[in-house]
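What follows is the residue order along each chain.
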Amino acid sequence: KLFNQGEISLHGFFNYSDSTISTYSPVIFLVGESYLTINGKGDFRNNSVDVLLDLEKANIELINNFLPGNFVSGEATGRLNVSGNFKKPSVIAELSCENIIIDEFNLESLDLNSQIFIQDSTINGFTDIKSGKGKWKGRQFDSGTVYGVLKNNSIIFGYSSMGKNL
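Report follows, based on the coordinates. (Residues numbered from 1 in each chain as written. Predicted model: local features only at pLDDT ≥ 70, side-chain atom pairs only at ≥ 80, totals over all residues. Heavy atoms only, no water.)

Re the overall build of the protein chain
Alright, step 1. Counting its secondary structure elements, the protein chain contains 1 helix and 12 strands.
Alright, step 2. Reading the secondary structure of the protein chain in the N-to-C direction produces β-β-β-β-α-β-β-β-β-β-β-β-β.
Alright, step 3. Here the protein chain, with 166 residues, has 26% of them falling under the buried criterion.
Alright, step 4. When contacts within the protein chain are restricted to residue pairs at least 6 apart in sequence, long-range pairs at least 24 apart make up 34% of them.
Alright, step 5. A total accessible area of about 10,900 Å² is found for the protein chain, and carbon and sulfur atoms account for 53% of it. (Helix = DSSP H or I, 4+ residues; strand = E, 2+ residues; numbered from the N terminus. Buried < 20%, exposed > 50% of the residue type's maximum accessible area, 1.4 Å probe, protein only. Contact = heavy atoms within 4.5 Å. Areas by Shrake-Rupley, 256 points an atom, 1.4 Å probe, with all protein chains shown as cover.)

Describing the pairing of strand β4 (residues 48-59)
Alright, step 1. Summarising the sheet, strand β3 (residues 34-43) and β4 pair through 9 bridges and their orientation is antiparallel. Across the sheet, the residue bridging to Lys41 is Asp50, located in β4.
Alright, step 2. Between β3 and β4, which follow one another and run antiparallel, lie 4 residues, and Asn47 among them has a positive phi close to 55 degrees.
Alright, step 3. Where β4 lies against strand β5 (residues 71-85), 10 bridges are found, and the strand directions are antiparallel. Counterpart to Ser48 in the pairing with β5 is Asn85. (Pairing = 2+ DSSP bridges.)

Here we look at the packing of aromatic side chains
Alright, step 1. The tally for this structure, following the rule as stated, stands at 3 aromatic pairs.
Alright, step 2. Ring geometry for Phe44 and Phe86: centres 5.5 Å apart, planes at 45 degrees, overall tilted. Within this pair, whereas Phe44 is found in the loop between β3 and β4, its partner Phe86 is found in the loop between β5 and β6 (89-102), the two being separated by 42 residues in sequence.
Alright, step 3. Taken together, a centroid distance of 5.5 Å and an interplanar angle of 15 degrees make the contact between Phe105 and Trp136 stacked. Of this pair, Phe105 sits in strand β7 (residues 105-119) while Trp136 sits in strand β9 (residues 134-136); the two residues are 31 residues apart in sequence, bridging distant segments of the chain.
Alright, step 4. In this structure Phe105 comes out as partly exposed when scored by relative accessible area, which is 31%.
Alright, step 5. The class of Trp136 is partly exposed, set by a relative accessible area of 25%.
Alright, step 6. Ring-pair connections join several aromatic residues into one group, and the members of that group are Tyr16, Phe44 and Phe86. (Phe/Tyr/Trp six-rings, centres within 6.5 Å; stacked < 30°, edge-to-face > 60°.)

Points about a negative patch on the surface
Alright, step 1. A cluster of acidic residues, Glu33, Glu75, Glu98 and Asp111, forms a negative patch at the surface.
Alright, step 2. Assignment of secondary structure puts Glu98 in strand β6. (Patch = residues over 30% accessible without salt bridge, like charges linked within 9 Å, V, L, I, M, F, W, Y side chains within 5 Å. Salt bridge = Lys/Arg side-chain N within 4 Å of Asp/Glu carboxyl O. Lys, Arg positive; Asp, Glu negative; His and termini not counted. Charge placed at Lys NZ, Arg CZ, Asp CG, Glu CD.)

Some thoughts on the pattern of salt bridges
Alright, step 1. Under the defined criterion, the tally for this structure stands at 1 salt bridge.
Alright, step 2. As a salt-bridge pair, Asp54 and Arg79 come within 2.7 Å of each other at their nearest N and O atoms. Placement of the pair is Asp54 in strand β4 and Arg79 in strand β5, with a sequence separation of 25 residues.
Alright, step 3. Residue Asp54 is classed as buried on the basis of its relative accessible area, which comes to 17%.

Some points on the environment of Ser121
Alright, step 1. Mapped onto the elements of the fold, Ser121 is located in the loop between β7 and β8 (122-131).
Alright, step 2. For Ser121 and Lys88, which are 33 residues apart along the polypeptide, the C-alpha to C-alpha distance reads 8.6 Å.
Alright, step 3. Setting aside its immediate chain neighbours within four residues, Ser121 contacts Lys88 and Asn153.

Thoughts on the nonpolar core
Alright, step 1. Ile60, Phe71, Ala76, Leu95, Cys97, Ile100, Ile102, Leu107, Leu110 and Phe141 together form the largest nonpolar core, which totals 10 residues.
Alright, step 2. Elements with a minimum of two residues in this core: β5, β6 and β7.
Alright, step 3. If one sorts the elements of this core by residue count, β6 sits on top with 4 residues.
Alright, step 4. Ile38, Val49, Val51 and Val82 belong to the second largest nonpolar core, which has 5 residues in total. (Core = buried A, V, L, I, M, F, W, Y, C linked by side-chain atoms within 4.5 Å.)

Listed below in structure tokens is the structure:
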């Protein structure tokens, strides 16, 4: 069984022609009450991709297949836009999770916002991760932000926290 969340169904059409796979209108992949919408194309002749994925009301179990960590419970909504060369695509990602448990962390919310752009061999972009109130190993905290800035293949990290510190 691929997912333990109920029935799986696929609505929509994919077309493959002249080395290009594309969607006709968005393709919707339903898993229980969660759904993933896929819209875009991949051109195998030119090695390029332009795809938009929207995730709604997904059980966190689906996220375990794409992100590191052991997500135990919660719900996620997000958007992923991938464009450019297959080997060096640019990516814009947003993910919002509610009422989640990750290993020993309990969080009311976790938000990820990231943009990564690759031009020639240079990587630029940023990643922000914000957590709402939570608990870790019996200690409570109010919120916090971790961010990283990618500029000319270098990474700068930072953080801020509000309220009680761990």
